[in-house]
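Here is how the chains run, residue by residue.
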2 protein chains.
Amino acid sequence: MPKIVNHEQKRKLIAEAAWKIIKNEGIEKASIRKVAAEAGMSSGALRHYFSTQDEMLLFIMDYFFDAGKKRSDHKEWSKDPLKAVEEVLLELVPIDEEKKIETSVWWIFALRSLTSDALKEKKDELTDGTYVLANSMLEILTQKGILLDSVNVDLERSRLSALIEGMSFHALLRPDVYTPEMVKEVISYHLKTLCNK
Amino acid sequence: MPKIVNHEQKRKLIAEAAWKIIKNEGIEKASIRKVAAEAGMSSGALRHYFSTQDEMLLFIMDYFFDAGKKRSDHKEWSKDPLKAVEEVLLELVPIDEEKKIETSVWWIFALRSLTSDALKEKKDELTDGTYVLANSMLEILTQKGILLDSVNVDLERSRLSALIEGMSFHALLRPDVYTPEMVKEVISYHLKTLCNK
DNA sequence: TATCATAATAACACACTGTGCTAAAAAGAT
DNA sequence: ATCTTTTTAGCACAGTGTGTTATTATGATA
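Note that the structure is predicted; figures quoted are calculated from it, not measured. (Residues numbered from 1 in each chain as written. Chains lettered and ligands numbered in written order. Predicted model: local features only at pLDDT ≥ 70, side-chain atom pairs only at ≥ 80, totals over all residues. Heavy atoms only, no water.)

1. Remarks on the packing of helix α1 (residues 7-25) of chain B against helix α4 (residues 53-73) of chain B
Residue and element names in this part refer to chain B. Rule in force here: Angles here are taken between N-to-C directions and fall from 0 to 180 degrees, while the axes themselves are lines fitted to C-alpha atoms, restricted in helices to the stretch in contact. Here a strand is any run of E in DSSP of at least two residues, a helix any run of H or I of at least four, and the numbering for each starts at the N terminus. To sort the angles, those under 35 degrees are grouped as roughly parallel, those over 145 as roughly antiparallel, those from 65 to 115 as roughly perpendicular, and the leftovers as oblique. Should any heavy atoms of two residues lie within 4.5 Å, those residues are considered in contact. Note that Gly is not counted as nonpolar here; it falls among the polar residues with everything else outside the nonpolar set of Ala, Val, Leu, Ile, Met, Phe, Trp, Tyr, Cys and Pro and the charged set of Asp, Glu, Lys and Arg.
Relative to each other, α1 and α4 sit at 90°, their axes nearing to 10 Å. The orientation of α1 with respect to α4, classified from their angle, is roughly perpendicular. Side by side, α1 and α4 meet where Glu 8, Arg 11, Lys 12, Ile 14, Ala 15, Glu 16, Ala 18 and Trp 19 of the first sit next to Met 56, Phe 59, Ile 60, Tyr 63 and Phe 64 of the second. Taken together, the residues of the contact of α1 with α4 break down into nine nonpolar, no polar and four charged.

Take a look at the structure:
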C-alpha cells in the first residue's frame, strides 16, 4: 500500500552524511538540520528515520563501530601471541585520524549518557566492550602459558581496561605527548610486566 | 567615577550559582540565561563578567579545582609512604558525588577544547596535572627506596597517569562495576607491582 | 483503472540556546 | 550639580531539538 523505501539504507545514507560533517566540522555541528541538508533532504524527512538526535547518534555509533570492527577483522595479526595481543589493544587507541573521530564521538556519547536515559543502555554495552576485550586478551595469554602465575586476573582485567581507556583519553587530548610510538611502548611495557618472556 | 563592584567576588557568586545548576540538573542545563537567573541577574549583566560561555566554564573549572585542591591540602595522609601515595591517587578518582561532578565538568570541558581554541591552553595545563602528579608519586616512592629497580620511570609515569584517568572514566560511567572498593583495590594492586614491600 | 490506506516528506510553531549590539541606569570624582 | 565610566538590562539574530500538522507519493485492492 504505502510508498516503500529501504529504511535501513536511508539511515546509512544519513549516517554517512553525519559522519562527513563530524569529520570536517566537529560533532557539535552535526545538528539535525545540517545533517539533513548534507543528506539532501528536509529535517522533517530525516526525523522520519530518526525521531530524536540521540537516536541518530546511537545509530551512527553502531554503524561506525561495526565498520571499525570489520576493519579489525580483516587485519592480519602476528603469530606471536604477545605481539598479537599488543596489536589488538593498540587498535582501541585513537592513534590515527579515523579512530580519533570515533573516539571523540564515543566520549561525547558517553558523557551525554550520564543525563540521557535513552543512551544509558548503549553506554553499558560499550563500556563492557573494553572490559570483555581486556579479558579475552588475558585469556589468550593464559592459554598460551605466558601469563605470570603471580597475576591476579580479576584485578588485571580492570586494570587493563582502565589503562586502555586512559591511554585513549590522553592520545586524544595530548597527541603531542602521547604519540603513537609512546602509546605502543607503554602497552608493550605493561604486557611485559605480566608475562614471562 | 564609576560604580564599583567587586569583580572577582561577583564572578565567584556566578560560579556558585552555576555549580548549583550543574549539580542538580547537569552541565548542559547551565546556560547563560539560567545561570544568570539563578544568580539573580540579567543575562546581559552576567555577560559583563563572562563575555562567552567558554570563559565562564573556564572560571568555574579553576574555581572548583582550587577548592578540590584545598580540600586535599587539609587532608591527613598516612605515614606509610606507599599508603599515602595510594590515598593521593584515590583523590583523583570520582568515587563520591562531588568529585563525580568535577570530573564530568572536566570531561565536557576537555572534549569541547578539541574544537574551541579558547580552551586549548587550559586543557594542556590540566592534562599535565595528572602527569605531574603521577610523577611526584613515583618520586616519593623512589626517595623512600621502595620503588623496584626494574621499574622504567619514564614509561611508568605515562602508564600511571593513563591508569588514573582510565579509572576515573570507568568510575564515572560504570559506578556499578567500578565501585570505590574496586578502584581502591586496583590502585593498590598496581602500586604493589611497582614496589618491593 | 480508479480508489484508498498508509508511508514518506515537507513545513511550520515553540521554546530554547549563545552571542553581538545598543540604550538605560548607577555611582564615584570633579 | 555635572560629568564619565562602569554596570545593567533588553533586544535582535541565527541557530538548536522537538512536536504537530498538512501534503505528497505509492502500491495494493476493488
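2. Description of helix α5 (residues 81-91) of chain B
Turn by turn, an α-helix covers 3.6 residues, leaving residues three or four places apart pointing in a common direction. Filter applied, for reference: Relative accessibility decides the category of a residue: with a 1.4 Å probe and only protein chains considered, values under 20% of the type maximum give buried, values over 50% give exposed, and everything between is partly exposed.
With respect to burial, α5 of chain B is a largely interior element, nine of its eleven residues being buried. Each element contacted by the buried residues of α5 of chain B is listed here: α4, α6 (97-113), α7 (117-143), α8 (153-173) and α9 (180-194) of chain B.

3. Things to note about the domain arrangement of chain A
Residue and element names in this part refer to chain A. Applicable threshold: The start and end points of each domain follow an automatic or database-based domain assignment. In short, buried area is how much 1.4 Å probe accessible area vanishes from two parts on joining, totalled over both. The salt bridge criterion pairs a side-chain nitrogen of Lys or Arg with a carboxyl oxygen of Asp or Glu, the two atoms within 4 Å.
According to the domain assignment, chain A consists of domain 1 (1-60) and domain 2 (75-197). For domain 1 versus domain 2, the separation of C-alpha centres amounts to 30 Å. Opposite the eight residues of domain 1 that make contact, domain 2 presents eleven residues. Where domain 1 abuts domain 2, roughly 940 Å² becomes buried across the two surfaces, and 75% of that area is made up of carbon and sulfur atoms. Three residues, Trp 19, Asp 54 and Leu 58, lead the burial of domain 1 against domain 2; their summed loss comes to 50% of the area buried on that side. The tally of links between domain 1 and domain 2 comes to two salt bridges.

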